[in-house]
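# Overview (structure and organization)
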Amino acid sequence: MAREPFLPGFSFEDRQGKDYHLRQQFNIKNGYGIPKLNLESLTSREPTAFETTYDFIKFDPLERFTKITKSKPLPYKPHYVINDGKCLSFQGYFRADMPEFSPEKQFYRKINIVYYLEDDTITIMEPPVANAGYSQGRIVRRGRIPNPHTNETWHWKHLNTGIDIEIYGILYHISSCDQFTREYLLSQGIEVNENEDIPKNVTKDHSIRKFSYYYGTQDTSSQDKLYRFLQYDRKVLRFYALWDDRDNEFGDISHYKVHYYLIDDTVEIKQVKDKFKQNEPFHRLLSRTKLPKNYTPGTALQASASVACNNASDHEYYEPKDFTVGGTISVLGREFFLYDCDQFTRRYYRDCLKIEQPASISIRETCPEPVKKEIPPHTGIGQPEDTLQSCLSIVPKPPKKDIIHYIENTNKVLRYSAKMDSNVENDKDRKFIIQYSLADGKISIYEIKTLNSGFPSGYFLKSALVPKPLTLDDKVEYYSPADFAIDSKIEIFGRKFLITGADLAVYRYMEKRPEKFRPEIMKGVGEYLQREGIIDEEAKEVENVALNDE
């Protein structure tokens, strides 16, 4: 039959199998393919189990008969994650040429070399120096820097203290490193050399030049405007002063700040704003100018600092040595008392002028004792809490309530039966129900109808806070569940009531909170409920034993 052509009438049906497609070998769960436990062979439709072969050389019997827990290998972390934020810090210097007009030829400039371990990049920065006269900051941007002697880039294996490295044509000398860098290189098997000192410049350092101008030995360099600008720019002596003008009509004590500018020996006086005096006419008492010592009302003050400097020989002006804490200065006929100065001013006098400024002087005025606020008595309108709120603010606000306590005790009411304690014959038989709301502590009284009494049933007292008698108006005490006991008398707005009974909810409330009630109150309520048959005697005996144990 294999030789017959594949034509109609020459093909025969294979009765052994009809479904020849391969079934699904995986189950899709959470987007991942999971192989099935039983696979189907290609030739038969019966499931076949996985065939497992054992290597008898590597076979361990313990793995078959015992459960061995193997520790999981640590997750792999790349080097840039391990070394993230870790840097090697080196300190060094390089030689730089001086300008042509300078008598010195070369000087040393300090640098910091930072090597980032995460990506093997290097950056070089120069720490700032005041009045250096040249640009500072970042010298080499962060990146992989090529080594001119090899075809590779600079690596941390090539760095060490006491060596020279060439970067972009400049020779840098590494003098020292920090503790972390030293420990890291030692851990990698590199012996680190000892730290070296950075050589000092032979040239005269302008940043540490002494202020010889105020020692009395004035030379030509101190008189130079350019030198004074570089030396004293933005250096200001600040003193705190006060002016007492209470001898004059409408006079008062005013506080000021006295600024002395070292760059041109000018003085500026500003008034300290007082939050209690919003109508001050002037904020700046004296603009920046030279301050003369001997001032007469007829002489005119120089209009600007430049004019004052030109005519400095005509008048005698204030100098830094004339300002002392505890002393006075004359400002256009007004005597100002200096009582304090800032820390920069103290350091300047101590280091440059060899003068120690006295300690600051306290100028606080003795304020009278504040008037004690007393709460006035209750006006009789509303509750005492309303009167207190009217004393605290102009627009009274309602007293704050304990919202959590109110929500937890909403619709929870304690009921007591009572009768009126009165000498009037008609009032002796009147019966009432007293309801105490646990949410807000208000009490309401409902009268029960009695036949032929002449009094209708209904509310005798609507819900209200009931204060105890003989309590002060400023410390009002209101009735609480601890004041309601069987056969006790309470007075409500001049009427006396005798408590005759209570419901079961009152007793359950006492059981949950025994610390709020006296034992005799709980005992009286329990005996009343026992007489009424609401609770059995066995439960009462158990409760009595518990009370005795307490």
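These notes cover the structure that comes with them. (Residues numbered from 1 in each chain as written. Predicted model: local features only at pLDDT ≥ 70, side-chain atom pairs only at ≥ 80, totals over all residues. Heavy atoms only, no water.)

It is worth spelling out helix α9 (residues 504–512) at this point. Buried within α9 we find Val506, Tyr507, Tyr509 and Met510. One face of α9 carries all of its buried residues, which in axial projection span an arc of 160°. (Buried < 20%, exposed > 50% of the residue type's maximum accessible area, 1.4 Å probe, protein only. Helix = DSSP H or I, 4+ residues; strand = E, 2+ residues; numbered from the N terminus. Arc of directions from axis to C-beta.)

A separate point is helix α3 (residues 179–187). Along α3, the positions that sit buried rather than exposed are Thr181, Arg182, Tyr184 and Leu185. When α3 is viewed along its axis, its buried side chains cluster within an angular range of 165° and face the same direction. Glycine 189 lies just past α3 and shows a positive phi near 85°.

With that settled, the discussion passes to the nonpolar core. Generally speaking, nonpolar side chains in soluble globular proteins are found buried as a group. Ranked by size, the top nonpolar core spans 32 residues in total, and within it Ile434, Phe484 and Phe497 carry the most contacts. Broken down by secondary-structure element, the contributors of at least two residues to this core are β17 (413–420), β18 (431–437), β19 (443–448), β21 (489–492), β22 (495–502), α9 and α10 (519–531). (Core = buried A, V, L, I, M, F, W, Y, C linked by side-chain atoms within 4.5 Å.)

Once that is clear, we can look at the sheet that holds β17. Note on sheets: strands pair through backbone hydrogen bonds, and any given pair is parallel or antiparallel. Taken together, the six strands give an open sheet; going across it, the order is β20-β19-β18-β17-β22-β21, and neighbouring strands pair in antiparallel fashion. Two strands close off the open sheet at either side, each with one partner strand: β20 (458–464) and β21. Taken pair by pair, the neighbouring strands of this sheet meet at an average axis angle of 30°, ignoring direction. With four bridges joining them, β19 and β20 adopt antiparallel strand pairing. Each residue of the ladder has a partner; that of glutamate 447, found in β20, is glycine 458. Each of β17 and β22 touches α9; the most contacted strand, β17, lies at about 125° to it. Sheet contacts for α10: β17 and β22; angle to β22, the most-contacted strand, approximately 60°. (Pairing = 2+ DSSP bridges. Axes fitted to C-alpha atoms, helices over the stretch in contact; angles between N-to-C directions. Contact = heavy atoms within 4.5 Å.)

Applying the stated criterion across every chain yields a total of 19 salt bridges. For arginine 228, the salt bridge identified is with aspartate 265, shortest N-O distance 3.5 Å. In this pair, arginine 228 is assigned in helix α4 (residues 225–232) and aspartate 265 in the loop between β12 (253–261) and β13 (266–271), connecting sequence segments 37 residues apart. Since its relative accessible area comes to 10%, arginine 228 is described here as buried. (Salt bridge = Lys/Arg side-chain N within 4 Å of Asp/Glu carboxyl O.)

With a phi close to 55°, lysine 354 is a non-glycine residue in the positive phi region. Mapped onto the elements, lysine 354 comes out in the loop between α6 (343–351) and α7 (384–392). Classification of lysine 354 as exposed rests on a relative accessible area of 63%. Phi angles above zero are rare outside glycine, and asparagine 411 is one such case at about 65°. In this structure, asparagine 411 sits in the loop between α8 (403–408) and β17.

What follows deals with the side chain of serine 488. Its location among the elements puts serine 488 in the loop between β20 and β21. A residue is classified by how much of its surface remains accessible, and serine 488, at 16% relative accessible area, is buried. Setting aside anything within four residues of it in sequence, one finds serine 488 in contact with Asp483, Phe497, Leu498 and Ile499.

Further remarks concern the environment of asparagine 83. Relative to the assigned elements, asparagine 83 resides in the loop between α2 (79–82) and β5 (87–97). By relative accessible area, asparagine 83 is classed as buried at 14%. In contact with asparagine 83, other than residues within four places in its own chain, are Leu117 and Glu118.

Once that is clear, we can look at the sheet that holds strand β11 (residues 236–244). Pairing is antiparallel in the open sheet, where six strands are placed in the order β14-β13-β12-β11-β16-β15. Looking at the sheet topology across the chains shown, the edges are occupied by β14 (284–289) and β15 (328–331). Across the sheet, the mean angle from the axis of one strand to that of its neighbour is 35°, orientation sign disregarded. Sheet topology places β15 next to strand β16 (residues 334–341); four bridges connect them, and they run antiparallel. By the bridge assignment, isoleucine 329 is partnered in β16 with phenylalanine 336. Relative to β11, α6 is tilted by about 115°, and along the sheet it contacts β11 and β16.

It is the contact of α9 with α10, at a shortest axis distance of 10 Å, that shows an interaxial angle of 145°. Here α9 runs over α10; the crossing is left-handed. Contact with α9, carried on its side by Leu504, Tyr507, Met510 and Glu511, involves Ile521, Met522, Val525, Gly526 and Leu529 of α10 and no other residues of that element. (Left-handed = near helix turned anticlockwise from the far one by under 90°.)

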